[in-house]
Amino acid sequence: MALTIKWIIKGVLLEIVDYVLAARSGDAKAFTKLIEMNQNLALGYAYSKLGDFVQAQDVVQDSFLIAFSKLNELENPEVFSGWLRGIVHFRCHRVFRTKGRNWSSLNDFSEEVDDGVDLNEIIQKRQEKEHLMNAIKSLPELQRTVVSLYYLEEQSQKAVADFLELPVSKVNNYLHEARETLKGRLLEMAKDSFREQRLSEEFAKNIGEIVSVHGSLVETKVNKAERATIFDVLGSKTRANRPGADLVVVQRMKNGRFRCISTGSEVSDKAKLYNQGDSEKALRELSEDHIISIVDQIASKKDKPFLETGIKVIDLLCPIRDGGSIGVFGKDGVGRAVLVMELLKRKQEIKGDLNLFFYVNRESLKSTQDILNDELGKELGITSDINENVQTAWIYHDSAGDPTYAKEASYLDTRLYFSPLKGIQNIWPTIDPLNSFSKSFSKETLGEKHFEVASRALDVMKKAHALFLDSIHLEMMALGARREAARRKLEFNKQRLSELSGENLLIAKRSLLLDQYFTQPFFVAEEFTKMKGVAVSLNDTIEGAHRILEGEFDDVSPKDLSMKGAI
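Residues numbered from 1 in each chain as written. Predicted model: local features only at pLDDT ≥ 70, side-chain atom pairs only at ≥ 80, totals over all residues. Heavy atoms only, no water.

1. Re the overall build of the protein
Secondary structure summary: the protein contains 24 helices and 14 strands in total. Total accessible area computed for the protein in this model is approximately 27500 Å², and 49% of it derives from carbon and sulfur atoms. (Helix = DSSP H or I, 4+ residues; strand = E, 2+ residues; numbered from the N terminus. Areas by Shrake-Rupley, 256 points an atom, 1.4 Å probe, with all protein chains shown as cover.)

See below:
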């Protein structure tokens, strides 16, 4: 019999270890199971310290949230229960310091008295409970603790001993002594009273229970019945059922969890969530400070050099820092979502962390939501916005398509602006280097040759931009006449080239060559372009741009460099 008991206990320990390890990897169900296994032990312990079940339940909620946030700090998963007890003890001590020890009731014994009820019976019950209260209060602390844990969920002496990190013999002695004090009617009343206070399964499964809070960035779990997606607004309610801050969903995590921006004050970890769905309200309430705050929290603080993505225009002109923040700006139809998918496709080859912040205005919100749920995304396995070394946060901002805002958003390490003007010229990706910016663009970071070639390329493209500026083309674009604008651009460029001479002609030609050189087939678009995706090393990218700037391709048609890899 002893062997059987030992095997069962060992099995429980192994189960706890498994749940801890799974919870560390982001499995919310595993952490919920840990709560279910330990919630009444924790409640009994907190009650034995505070003497008030309401305060004790608050402490237990706080303690599990702290445990979740610090789970990776637990060196030995087998001692989870004892480690949790230490957290509960600390939280009780804080309550004791701020509110004082209560011990006024088991559950605020006030009762509503209905007509026709015997008042003498009510008074007698209250007197019995007060007598029980005094009896429990008079117990030495360890006896009171053991009784609370043992009867709250009728735990075994072994489970109580493990939680308290005491020998089983000590627990048996304390339990025996407490029973001697609370004998007869009082003992039965104590059992009944503790049973009434047990936490149900719903304690661990509350809809929208907030599992961690980090300033404006809130991690939540929303019940399946509520359903939520990017840009949805989750309303929150306080424990007093009063309206709290709204939360805007910005990242999908695994196992039904989400990351949100809190649009009001910091959300309480006891708030309950519901799907409100008012994105317009979110746009009105979402401040620049909120966005800057969550960019700072999501992006890492690595002091490392830029990364190679294999995408020429990015690596040469808009370098990305390892672990830095990357803003993706532009309007609909410019291939921004395709870039996100391409970076996810290349994540194994990119030796570092990419933190993408995809900015969307009210005009492109619905289009973006459709793209996130289309078949291409599912085929790539994009069911979460946090994928190994590439994560994406979706930001609702009215200036998402404004190149001026991309320039001013200096809180981001790299800002990539996707231009519709590039799109109508079939320059893909449509990243506009003249409206994109990187804090890594310096000789110290890039090295002398890279910096020199990139600076020369940008200078040529800036001068050519002034040479090819056409007010009629811009007017057509503003009016949304994209087809006419594309035709006008083609005709105007030919006319302008025939008018230029000398240095201006060389600048114009080389700029057009660079534009086409920076086009590139993507792996994720092979089915649509019928072209095999390519990745180009940084050295090859620099060398190709250098050869163009030196005039090696002055007599070559720009189209001959279109959608190629290295040259």
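2. Some remarks on the confidence of the model for the protein
Of the residues in the protein, 80% reach a pLDDT of 70 or more, and the chain-wide mean stands at 81. In the model, residues 1-11 has pLDDT below 50 throughout and makes 1 contact with residues more than four positions away in sequence or in other chains. With pLDDT under 50 throughout, residues 103-115 is counted as low confidence; its partners more than four residues away or in other chains account for 27 contacts. (pLDDT = per-residue confidence, 0-100. Contact = heavy atoms within 4.5 Å.)

3. Comments concerning the packing of aromatic side chains
Enumeration according to the criterion identifies 10 aromatic pairs in this entry. Taken together, a centroid distance of 5.9 Å and an interplanar angle of 55° make the contact between F80 and W83 tilted. Linking F80 with W83, this pair stays in helix α4 (residues 80-99), spanning 3 residues, or about one helical turn. Ring pairs connect the aromatic residues F329, Y359 and Y405, which therefore count as one cluster. One Lys or Arg, K312, reaches over the ring of Y517 and ends 4.3 Å from the middle of that ring. (Phe/Tyr/Trp six-rings, centres within 6.5 Å; stacked < 30°, edge-to-face > 60°. Lys NZ or Arg CZ within 6 Å of the ring centre and 35° of its normal.)

4. As for the environment of A228
For A228, the location among the structural elements is in the loop between β2 (217-221) and β3 (233-237). When its relative accessible area of 18% is taken as the criterion, A228 is described as buried. Sequence-wise, A228 and G256 are 28 residues apart; in three dimensions their C-alpha atoms are separated by 8.9 Å. Leaving out residues up to four positions away in the same chain, A228 has contacts with L234, F258 and N275. (Buried < 20%, exposed > 50% of the residue type's maximum accessible area, 1.4 Å probe, protein only.)

5. Topic: the nonpolar core
Grouped together as the largest cluster of nonpolar side chains are 73 residues, with contacts concentrated most on L317 and L514. At 8 residues, the largest contribution of residues to this core is made by helix α19 (residues 448-467). Counting 50 residues, the second largest nonpolar core, distinct from the first, contains F31, M37, V59 and F194. (Core = buried A, V, L, I, M, F, W, Y, C linked by side-chain atoms within 4.5 Å.)

6. Brief notes about the side chain of N493
Here N493 is to be found in helix α21 (residues 482-499). Owing to a relative accessible area of 11%, N493 belongs among the buried residues under this scheme. With residues near it in sequence (within four places) discarded, N493 still touches Q425, F468 and L512.

7. As for the side chain of R336
Counting through the fold element by element, R336 comes out in helix α13 (residues 336-345). There is no salt bridge for the buried R336, and the closest opposite charge comes from D332, which lies 5.4 Å off by N-O distance. For R336, the side chain forms a polar contact with the main-chain oxygen of Y359, separated by 2.6 Å. With residues up to four places along the chain from it excluded, the contact list for R336 reads V328, F329, G330, K331, F358, Y359, V360, S364 and F418. (Lys, Arg positive; Asp, Glu negative; His and termini not counted. Salt bridge = Lys/Arg side-chain N within 4 Å of Asp/Glu carboxyl O. Polar contact = N/O pair within 3.5 Å; in protein donor to acceptor, adjacent residues only side chain to side chain.)

8. With respect to the pattern of salt bridges
If you walk through the whole model with that rule in mind, you get 17 salt bridges. With a shortest N-O distance of 2.7 Å, R252 and D385 are connected by a salt bridge. Of this pair, R252 sits in strand β4 (residues 247-252) while D385 sits in the loop between α15 (375-379) and β11 (386-387), placing them 133 residues apart in sequence. D385 carries the same exposure label as R252, and that label is buried.

9. Observations regarding helix α11 (residues 288-298)
Every buried residue of α11 is listed here: H290, I291, I294, V295 and I298. Along α11, the residues classed as buried sweep out an arc of 130° about the axis, all on the same side. (Arc of directions from axis to C-beta.)

10. Some remarks on the sheet that holds strand β9 (residues 325-329)
Strands sit in the order β11-β12-β10-β9-β13-β14 across an open sheet of 6 strands; the sheet is mixed. Only two strands of the sheet have a single partner each, and these edge strands are β11 and β14 (437-438). Both β9 and strand β13 (residues 414-417) contribute to a ladder of 4 bridges, which runs parallel. If you follow V328 over to β13, its bridge partner there is L416. With respect to the sheet, α11 is in contact with β9, β10 (354-360) and β12 (390-396), its orientation differing from that of β10 by roughly 160°. Contacting β9, β10, β11, β12 and β13, α13 crosses the sheet at an angle of about 165° to β10. (Pairing = 2+ DSSP bridges. Axes fitted to C-alpha atoms, helices over the stretch in contact; angles between N-to-C directions.)

11. Describing the packing of helix α6 (residues 141-152) against helix α8 (residues 168-181)
Contact geometry of α6 with α8 gives a least axis separation of 9 Å together with a crossing angle of 95°. Taken together, the axes of α6 and α8 lie roughly perpendicular to each other. The residues of α8 that touch α6, namely those facing L142, Q143, V146, V147, Y150 and Y151, are V171, Y174, L175, E177, A178 and R179. Of the residues in the contact of α6 with α8, the class split is 9 nonpolar, 1 polar and 2 charged. (Parallel < 35°, antiparallel > 145°, perpendicular 65-115°, else oblique. Nonpolar A, V, L, I, M, F, W, Y, C, P; charged D, E, K, R; others polar.)

12. Considerations on the packing of α19 against helix α22 (residues 502-517)
Between α19 and α22, the least distance of the axes is 8 Å, while the angle of their chain directions is 110°. Put simply, α19 runs roughly perpendicular to α22. Seen from above, α19 lies across α22 with left-handed handedness. Here A457, V460, M461, K463, A464 and L467 of α19 lie close against α22, whose contacting residues are N504, I507, A508, R510, S511, L514 and D515. (Left-handed = near helix turned anticlockwise from the far one by under 90°.)

13. Regarding helix α24 (residues 538-549)
A rise of 1.5 Å per residue sets the reference length of α24, with its 12 residues, at 16 Å; its end C-alpha atoms lie 17 Å apart and thus fit the reference within 8%. Buried residues along α24 sit against β7 (306-307), α12 (312-317), α19 and α22. Once α24 ends, the next one or two residues include G551, with phi positive near 95°. (Expected span 1.5 Å × (residues − 1).)

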